[in-house]
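Given next are the chains, with one letter for each unit.
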Amino acid sequence: MDHAIVKKYFPNISPEQDTKFALLGELFVEWNAKINLISRNDIDQLYERHVLHSLAIAEFINFKPGT
């Protein structure tokens, strides 16, 4: 599982956001073992199947600064 794919599709994310996306993967692995957030078969594709899917709206909506 590699969060670099996020930067591939969203090259303008800040270093802080990049760090948070890396931590997100670690948190999902930890919590998924406890409460099954997503299919265990999907955890290796977390960024491709879940994170990028959720971020797709950012390609179509112009959010106000700071949102």
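Preceding block: the structure.
The text that follows walks through the structure, step by step, so that each part is easy to find. Since the model is a prediction, treat every value here as computed from it, not as a measurement. Per chain, the residues get numbers from 1 upward, laid out in the order the sequence is written. For a predicted model such as this one, the threshold for reporting local features is a pLDDT of at least 70, and the threshold for listing and counting side-chain atom pairs is 80 or more; totals across whole chains, interfaces and linings nevertheless cover every residue. To get the side-chain values, take all heavy atoms of the structure and skip hydrogens and water.

Attention now goes to the overall build of the protein chain. Secondary structure assignment for the protein chain yields three helices and zero strands. Elements are defined by DSSP. Helices are runs of H or I of four residues or more, strands are runs of E of two residues or more, and each kind is numbered from the N terminus. Reading the protein chain from its N end, one meets helices and strands in the order α-α-α. Each residue's exposure class comes from its accessible area (1.4 Å probe, protein chains only) as a fraction of the maximum for that residue type: buried when under 20%, exposed when over 50%, partly exposed otherwise. For the protein chain, with 67 residues in total, the buried portion stands at 22%. Residue contacts are defined here by distance: any two heavy atoms, one from each residue, within 4.5 Å place the two residues in contact. Taking as baseline every contact in the protein chain between residues at least 6 positions apart, the subset at least 24 positions apart corresponds to 49%. Looking at the protein chain as shown, the accessible area adds up to about 5,300 Å², and 56% of this sits on carbon and sulfur atoms. For every accessible area listed, the method is Shrake-Rupley and the probe measures 1.4 Å; residues are considered covered only by the protein chains on display.

Attention shifts here to unusual backbone geometry. Even without glycine at this site, Asn 36 takes up a positive phi of about 50 degrees. Structurally, the position occupied by Asn 36 is in the loop between helix H2 (15–35) and helix H3 (46–55). Since its relative accessible area comes to 43%, Asn 36 is described here as partly exposed.

Note: α-helices contain 3.6 residues per turn, so residues at a spacing of three or four share the same orientation. Compared with an ideal rise of 1.5 Å per residue, which puts 21 residues at 30 Å, H2 spans 30 Å between its outermost C-alpha atoms and is within 8% of the ideal. Regarding H2, the residues found buried are Phe 21, Gly 25 and Asn 32. Along H2, the residues classed as buried sweep out an arc of 55 degrees about the axis, all on the same side. Of the residues in H2, the exposed ones pointing more than 90 degrees away from the buried face are Pro 15, Glu 16, Lys 20, Glu 26, Ala 33, Lys 34 and Ile 35. The inward-facing, buried residues of H2 abut helix H1 (4–9) and H3. Just past H2, the residue Asn 36 takes up positive phi, approximately 50 degrees. Helix span is expected to be 1.5 Å times the residue number reduced by one. Arc, as used here, means the arc of the directions from the helix axis to the C-beta atoms.

In this section: the nonpolar core. Residue types Ala, Val, Leu, Ile, Met, Phe, Trp, Tyr and Cys, when buried and joined through side-chain atoms within 4.5 Å, form a set referred to as a nonpolar core. Among the nonpolar cores identified, the biggest contains 11 residues, and these are Ile 5, Val 6, Phe 10, Ile 13, Phe 21, Ile 38, Ile 43, Leu 46, Tyr 47, Val 51 and Leu 52. Elements with a contribution of two residues or more to this core: H1 and H3. In terms of residues, this core owes the most to one element, H3, which gives four residues. The residues touching Tyr 47, leaving out its near neighbours within four places in the chain, are Met 1, Asp 2, His 3, Ile 5, Val 6, Phe 21, Ala 22, Leu 24, Gly 25 and Leu 52.

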